[in-house]
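The chain contents come next:
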Amino acid sequence: MDPDRARQLLTGELSALDDRLRAAEDNRAEASADTLGQEGALGQHPGDYGTEVNTTMEADLSVTTLSEQRRRVQDAIDRLDEGGYGRCAVCGREIDDERLEARPEVPTCREHADTPVVT
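The present account deals with the structure reproduced in this document. Counting from 1, residues in each chain are numbered in the order their sequence is written. At least 70 in pLDDT is required for a residue's local features to be given in this predicted model, at least 80 for side-chain atom pairs to be given and counted, and no such filter applies to totals for whole chains, interfaces and linings, which use all residues. Where side-chain values are given, they derive from all heavy atoms of the structure, hydrogens and water being excluded.

1. Here we look at the overall build of the protein
Scanning the protein from terminus to terminus reveals three helices and zero strands. A run of DSSP states H or I qualifies as a helix once it reaches four residues; a run of E qualifies as a strand once it reaches two. Both are numbered from the N-terminal end. Overall, the protein shows an N-to-C arrangement of helices and strands of α-α-α. The 119 residues of the protein split such that 27% are buried. If you take every contact in the protein between residues at least 6 apart in sequence, the share linking residues at least 24 apart comes to 57%. Under the convention used here, a 1.4 Å probe and the Shrake-Rupley method define accessible areas, while residue burial counts only the protein chains that appear. Split by element, the accessible area of the protein, about 7,800 Å² in all, is 49% carbon and sulfur. Relative accessible area decides the class of each residue, using a 1.4 Å probe on protein chains only: under 20% of the type maximum gives buried, over 50% gives exposed, and in between gives partly exposed. Whether two residues are in contact is decided by their heavy atoms: any pair within 4.5 Å suffices.

2. Some thoughts on the pattern of salt bridges
Salt bridge criterion: a side-chain nitrogen from Lys or Arg within 4 Å of a carboxyl oxygen from Asp or Glu. Considering all chains together, one arrives at 13 salt bridges under this definition. Measuring nitrogen to oxygen at the nearest pair gives 2.7 Å for the salt bridge that ties Arg7 to Asp81. One end of the pair, Arg7, is in helix H1 (residues 3-35); the other, Asp81, is in helix H2 (residues 46-82), with 74 residues separating them in the sequence. For Asp18, the salt bridge goes to Arg70, with nearest N and O atoms at 2.4 Å. Of this pair, Asp18 sits in helix H1 while Arg70 sits in helix H2, and the two are 52 residues apart along the sequence. Residue classification places Arg70 among the partly exposed residues on the basis of a relative accessible area of 26%. Here the salt bridges share partners, and the residues they tie into one network are Glu68, Arg71, Arg72 and Asp75.

3. Description of the nonpolar core
Residues enter a nonpolar core if they are buried and are Ala, Val, Leu, Ile, Met, Phe, Trp, Tyr or Cys, with the set joined through side-chain atoms within 4.5 Å. One finds Leu10, Val73, Tyr85 and Ile95 to be the most contacted residues of the largest nonpolar core, which totals 18 residues. Listing elements by their share of this core, those giving two or more residues are H1 and H2. Those residues within four positions of Ile95 in sequence are excluded, and the remaining contacts are Gly86, Arg87, Cys88, Leu100, Val106, Pro107, Thr108 and Cys109.

4. A closer look at the environment of Glu105
Mapped onto the elements, Glu105 comes out in the segment after helix H3 (97-102). Looking at Glu105, the relative accessible area reads 11%, which means it is buried. Through-space distance from the C-alpha of Glu105 to that of Asp75 is 7.6 Å; in sequence the pair is 30 residues apart. Not counting the four nearest positions on each side in its chain, Glu105 is found in contact with Leu10, Arg72, Val73, Ala76 and Arg79. Definition of a polar contact: a pair of N or O atoms within 3.5 Å, with one able to donate and the other able to accept a hydrogen when the atoms are protein atoms, and with sequence-neighbouring residues admitted only if both atoms are side-chain atoms. A distance of 2.8 Å separates a polar atom in the side chain of Glu105 from a polar atom in the side chain of Arg103.

This is the structure:
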């Protein structure tokens, strides 16, 4: 893949993830504030309290997931800067353009898609 095209895809993805992460962090702050209300767990119906706890847990998971996605995109940008972008981290072969176009942050070829890569 052309390095300029890769950078365009990756920076666009990074920008979108930053926007989504800000929204998720705001949502998490709102959800956390709800569970610390004046009544607390003892003054609420158990179902309402459970809903608030679930909402807070979902908000935390969303922030964690988006942060991990952002880290993977930033790692790909770092590989691009260092000259290793587009090469499989497992076998060293070139990753096909179709795969990079669909998922520009991937560090592996199709053959090694399920192989964990330690960074």
